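Coordinate inspection notes
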Amino acid sequence: MSAPNKQYDPVEVAALSAEAVAAARDEALAAIAAARSLDDLKAVRVAHAGDRSALALANAEIGALPPQARAEAGKRVGAARRDVAQALSQRQEVLESERDRRVLEEERVDVTLPWDRAPRGAEHPVTMTSQRLTDVFVAMGYEVAEGPEVEAEWYNFDALNFPPDHPAREMQDTFFVAGPEASARSGIVLRTHTSPVQIRAMLTRPLPLYVVSPGKCFRSDALDATHSPVFHQIECLAVDEGLTMADLRGAINAFVEAMFGEGLRTRLRPDFFPFTEPSADVSMECHVCRGASTRPGGAPCRVCRSQGWIEIAGCGMVNPKVLVACGIDPDRYSGFAFGLGIERSLMIRHGVTDIRDTLEGDVRFSRAFGMEI
Ligand code: DAH
């Protein structure tokens, strides 16, 4: 026979003592209150309400108690576990609503903000003018021909019949590229005009020849309102049998009308260029006042300075010497050419008074010209 069971004293089961249960509960409540995030709280839940928590272990011990002690210990542990569960769910609610508020704040979308925050660029007006001029000639059947910006002196000057001592070759006009020995000439220049493309076209393309050549040019001019060391020209060249000044005139008229307005008259006056003979400068009737400023009582015109005419280009019949330099028989073929400044065209067409506006890269200047497709 076994000895009778002693009276059970729950105090003897350490994990179930009132102090131990209260301590486990208080520790749990403190940890819950200290949880700063839902993740923290998850860890607290595992530590203080999970299967291995002090209160869960205490709960498991209850079953081992003698029946008369179970009720009391069960009540005590049960109450502590309820307190912890309630604190957990309250804290969970608080932390969830805090998170929801934060997410709403952080992920807030202001639907009233404009969507197009990246500033739009704009095609440069010099590019636009160059394309517009080129298109006029392409529409007349001309081909686009391009040449290098760093050019052999021979193409830029000699083949175009510039004599060796021509003033344009001098340092104040031309950027010469230094040779291997800085003192010696390399024979290479930054092209001073687009006319060398005429030579390249005549040397490489079959006749008859109709080409238009837009491009960048360089002269050692100081930058001011009307001069820039870097600028653009467009050159037009036709070589065919039987071309005369009348054809040149016709091409010029077509270009002026397409670029500046229908019905504008043109005027040729004698001029000199080594590569054309005869040579002329081209003026067009002022597209703004159409000559009104020159007549008695007419309002003054800023665009033509009340001259009625605006000089826009140089032109002429291709000098037979240039044809010969390119291996073309001047008895069979003749040619006409003209060249003009693209910035100048732009300035005349749009009333731009300072060429530096085309160089500064301020998109506000470009944007004012809009887009052309
Ligand atoms: N190349 C000349 C210049 O830069 C412009 C020019 C004049 C071009 C007469 C031509 C022309 O084709 O025939 O000043």
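Preceding this paragraph is the structure being described.
The structure reproduced in this document is the subject of the present report. Only a predicted model underlies this, so the values are computations on that prediction, with no experimental measurement involved.

**Examining the packing of helix H2 (residues 38–49) against helix H4 (residues 67–106)**
Where H2 meets H4, the axes come as close as 10 Å, and the angle between the chain directions of the two elements is 170°. With respect to H4, the element H2 is oriented roughly antiparallel. Contacts between H2 and H4 pair Leu38, Leu41, Arg45, His48 and Ala49 from the former with Val84, Leu88, Arg91, Gln92, Leu95, Glu96 and Arg99 from the latter. Tallied by class, the residues present in the contact of H2 with H4 amount to 6 nonpolar, 2 polar and 4 charged.

**Thoughts on the nonpolar core**
In this structure, Tyr142, Phe255, Met284, Ile312, Phe336 and Phe338 are the most contacted members of the largest nonpolar core, which totals 42 residues. Of all the secondary structure elements, the ones that give two or more residues to this core are helix H5 (125–139), strand S6 (230–240), helix H8 (245–260), strand S8 (276–285), strand S9 (309–318), strand S10 (334–341) and helix H10 (342–350). Element by element, the count of residues in this core is highest for H8, at 7 residues. When residues no more than four places from it in sequence are discounted, the contact partners of Phe338 are Phe137, Ile234, Glu235, Cys236, Leu248, Ala251, Ile252, Phe255, Gly314 and Cys315. Leu160, Val197, Leu323 and Tyr333 belong to the second-largest nonpolar core, a separate cluster that totals 22 residues.

**Considerations on the side chain of Ser279**
Considering the arrangement of structural elements, one finds Ser279 in strand S8. Within the local environment of Ser279, its side chain forms a polar contact with the backbone nitrogen of Phe273, the two atoms lying 3.2 Å apart. Among the polar contacts listed, one links the side chain of Ser279 to the side chain of Thr276, at a separation of 2.6 Å. Those residues in contact with Ser279 that lie beyond four places of it in its chain are Arg269, Pro270, Asp271, Phe272, Phe273, Cys315 and Gly316.

**Focus: the pairing of strand S4 (residues 185–190)**
Where strand S2 (residues 150–152) lies against S4, 3 bridges are found, and the strand directions are antiparallel. Within the sheet, the bridge partner assigned to Val150 lies in S4 and is Leu190. The sheet contact formed by strand S3 (residues 176–178) and S4 spans 2 bridges and is antiparallel. Bridged to Phe176 within S4 is Val189.

**Digging into the sheet that holds strand S1 (residues 143–144)**
Strand order in the open sheet made by the 7 strands is S1-S5-S6-S10-S9-S8-S7, with mixed pairing throughout. For this open sheet the edge positions go to S1 and strand S7 (266–273), each flanked by a neighbour on one side alone. The pairing of S6 with S10 spans 8 bridges and is antiparallel. In the sheet register, Asp240 faces S10, and the bridge partner there is Ser334. Lying on the sheet, H8 is in contact with S7, S8, S9 and S10; it crosses S10 at an angle near 30°.

The rules behind these values
- Residues numbered from 1 in each chain as written.
- Predicted model: local features only at pLDDT ≥ 70, side-chain atom pairs only at ≥ 80, totals over all residues.
- Heavy atoms only, no water.
- Axes fitted to C-alpha atoms, helices over the stretch in contact; angles between N-to-C directions.
- Helix = DSSP H or I, 4+ residues; strand = E, 2+ residues; numbered from the N terminus.
- Parallel < 35°, antiparallel > 145°, perpendicular 65-115°, else oblique.
- Contact = heavy atoms within 4.5 Å.
- Nonpolar A, V, L, I, M, F, W, Y, C, P; charged D, E, K, R; others polar.
- Core = buried A, V, L, I, M, F, W, Y, C linked by side-chain atoms within 4.5 Å.
- Buried < 20%, exposed > 50% of the residue type's maximum accessible area, 1.4 Å probe, protein only.
- Polar contact = N/O pair within 3.5 Å; in protein donor to acceptor, adjacent residues only side chain to side chain.
- Pairing = 2+ DSSP bridges.

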